[in-house]
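As a plain string of letters, each chain reads:
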Amino acid sequence: MAGLGYVGLSVAAAFDRAGWDVVGYDISESTVDRLQRGNPSSNVVSGRELSELDVHFTTDPGFASGAEFVIIAVPTPTDDRERPNLDYVKSAGETIGENLSPGTTVVLESTVFPGATREVLIPALERASGFTAGEEFDVGYSPERISPGDQNSGIKDVVKVVSGQNEEVRERVRRLYSDVTDAGVHTAPSIEVAEMTKVFENVQRDVNIALVNELAVACDHLGMETDDVLEAAGTKWNFHEYSPGLVGGHCIPVDPAHYAHSSEVAGFSPQVVNTARDMNEFMTEFVSELTIRGLNDCGKVPKESRLLILGLSYKANVDDVRNTKVDDLISEMRRYDISIAGYDPQVDDGVLRSEFDVPICEELSFDGIDGVILATGHDEFRSLSLEDARSEMNETPLLVDIEDIFDAEDAERNGFVYKQL
C-alpha cells in the first residue's frame, strides 16, 4: 500500500482484515512513526482498530519488491491555476518502478482525470523499472469511494468500481477487491471509464450543491427562508435532497478540475461544471456578507465585534482541515477587521494553530463573544445549549448557522439574532 492517508490506511486495514500480508508505505517518516506508535490521527481507523492490525508500516521503498499487488493512494490536488497536479502519482510510479518485480499488478486508487493512469502512471513505472506494462507487469484502476465521517460508507459498504489494461487484468483486480467489499464489485470496460466515473460522482455533487446554494442566495434576496422552500419541494417523490453550505475538502472542490481538464484537452469546455464551481466558491463571500448584515441587525460595529467560529475542518465529524473553506471565510471576514477565534473538538489544537492564523480555543467558551458562526456541523455542537451559550455572550448576540443544526425559534427565543443559509 503506497500512501497512508485516510484512503491508504483504510484500504491497508481492509486487506489486513481479509487475511492478506500488507505492507504500508509512506514517504513521511512522521506518518509512519505515528502509525507504528498506534496513533491513526484519523477517524477512518480508530486507535483500537489500528492496534489490532498486522500491517507493517515503513518508509522503505523496497516494500514493492516481490509484491503481488501494489495499490497507490496518493493526493491529486490542483495547482494555483486550478489544473490537476499529478506530481504525487508520478513520483509514486517512479519509486515503485525502481523496486518493481516482474508479475506485479499496480492498482491506482487516486482520483485522476480520464487518461491519467496511461499517460502519467504507466510511463513513470516503465521509465523507472525498465519493464513494459502488459508484459512484465500490469496496471489496474479502482477509484476510492470512502466518505470520511460517514461510518456507513467505508470500503466494505460501497460498490467498488474496478478496471484494468485488459480483460485478464480487470478480472484479477475484481477478485482482489471482492475480498474486502460486501457491497459488490462493478467492472468498468476500460480504465478511462473508471477514472471518469469517480470524477463525475463528485462533479454531480458539486453541481447539485451549487444549485441549492444558488437557491439560498436567491431566497435571501427575495426575503424567503431556504428551508421553507426545500421542505415544500421535498414533498415531491423525485426531489433530490441537498443542503446549502460551504464546499471544501480534497474531493468535491478538486474533482471538477480533473473533469474540466480532460474535456478541454478533447476540445470541449464544460460550462455547467465551471459555473457550479464558481457558485460554490462564492459562498464564503456570501456568508461573510450575511454575517456583517447580522452584526448590523444586532446593533454591533463589525470592527469592534468578537466572533467565534465553531468547526474548522472541511466536513462534519472529520479531523481533516485540508482545503477547508473556513480558512477562506476567515480571510473574507478579516476584510472587516473583525476579531475572530476558532474552536474545533475534532481537530488537534496544534494542527489548528499551524493551519489557521486566528486564536484557537482549547475549551469551548462564549465569554465576551458577540457572535457565533457554526461552520462545521460536528455532532458535539448538536447538543449545545443555546441558553447556556447566550448567558456568557455579550448583549444581543448573533448566530450564523451555516450547517442548519439549530432551531430558529429556539435561537430567537434565547435572544439570538439568527441567520442561516
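Residues numbered from 1 in each chain as written. Predicted model: local features only at pLDDT ≥ 70, side-chain atom pairs only at ≥ 80, totals over all residues. Heavy atoms only, no water.

Moving on to unusual backbone geometry. In this structure, Glu 82 is a non-glycine residue whose phi angle is positive, near 60 degrees. With respect to the helices and strands, the residue Glu 82 is situated in the loop between β3 (69-72) and α4 (87-98). Residues other than glycine seldom take positive phi values, yet Asn 317 does so here, at roughly 65 degrees. Tracing the chain through its elements places Asn 317 in the loop between β8 (306-310) and α11 (325-334). Exposure remark for Asn 317: the relative accessible area of 17% places this residue in the buried category. (Helix = DSSP H or I, 4+ residues; strand = E, 2+ residues; numbered from the N terminus. Buried < 20%, exposed > 50% of the residue type's maximum accessible area, 1.4 Å probe, protein only.)

The two faces of the sheet receive side chains in turn, since in a regular strand these alternate between them. Most of β8 is tucked away, with four of its five residues classed as buried. Where β8 meets strand β9 (residues 339-343), five bridges bridge the pair, whose relative direction is parallel. Bridge pairing links Ile 309 to Gly 342 in β9. In this view, the connection linking β8 to its parallel neighbour β9 by way of α11 has right-handed handedness. With four bridges joining them, β8 and strand β10 (residues 371-374) adopt parallel strand pairing. Pairing of Leu 310 across the sheet is with Leu 374, part of β10. (Pairing = 2+ DSSP bridges. Right-handed = clockwise from strand over helix to strand, strands pointing away.)

Turning to the nonpolar core, a few remarks are in order. Ile 309, Ile 402 and Leu 421 are the most contacted members of the largest nonpolar core, which has 35 residues in total. Of all elements in the fold, only α7 (191-222), α10 (271-297), β8, α11 and β11 (398-401) reach the threshold of two or more residues within this core. At eight residues, the largest contribution of residues to this core is made by α10. Apart from the residues lying within four places of it in its own chain, the contact partners of Leu 421 are Ala 216, Thr 226, Pro 244, Gly 245, Met 283, Phe 286, Val 287, Leu 290, Asp 401 and Ile 402. (Core = buried A, V, L, I, M, F, W, Y, C linked by side-chain atoms within 4.5 Å. Contact = heavy atoms within 4.5 Å.)

With that out of the way, let us pick up the sheet that holds strand β6 (residues 160-164). Taken in spatial order, the five strands make up an open sheet running β3-β4-β5-β6-β7, and their pairing is mixed. Looking along the sheet, the strands with just one partner apiece sit at the ends: β3 and β7 (185-187). Neighbour to neighbour, the strand axes of the sheet diverge by 25 degrees on average, direction disregarded. Looking at chain direction, strand β4 (residues 105-108) and strand β5 (residues 138-141) are connected through four bridges and run parallel. (Axes fitted to C-alpha atoms, helices over the stretch in contact; angles between N-to-C directions.)

This brings us to the side chain of Ser 101. One can find Ser 101 in the loop between α4 and β4. According to the relative accessible area criterion, Ser 101 is buried, its value standing at 15%.

For the rest of this paragraph, the subject is the environment of Pro 123. Within the element layout of this structure, Pro 123 appears in helix α5 (residues 116-129). Counting along the chain gives 29 residues from Pro 123 to Glu 94, while the straight-line C-alpha distance between them is 8.9 Å.

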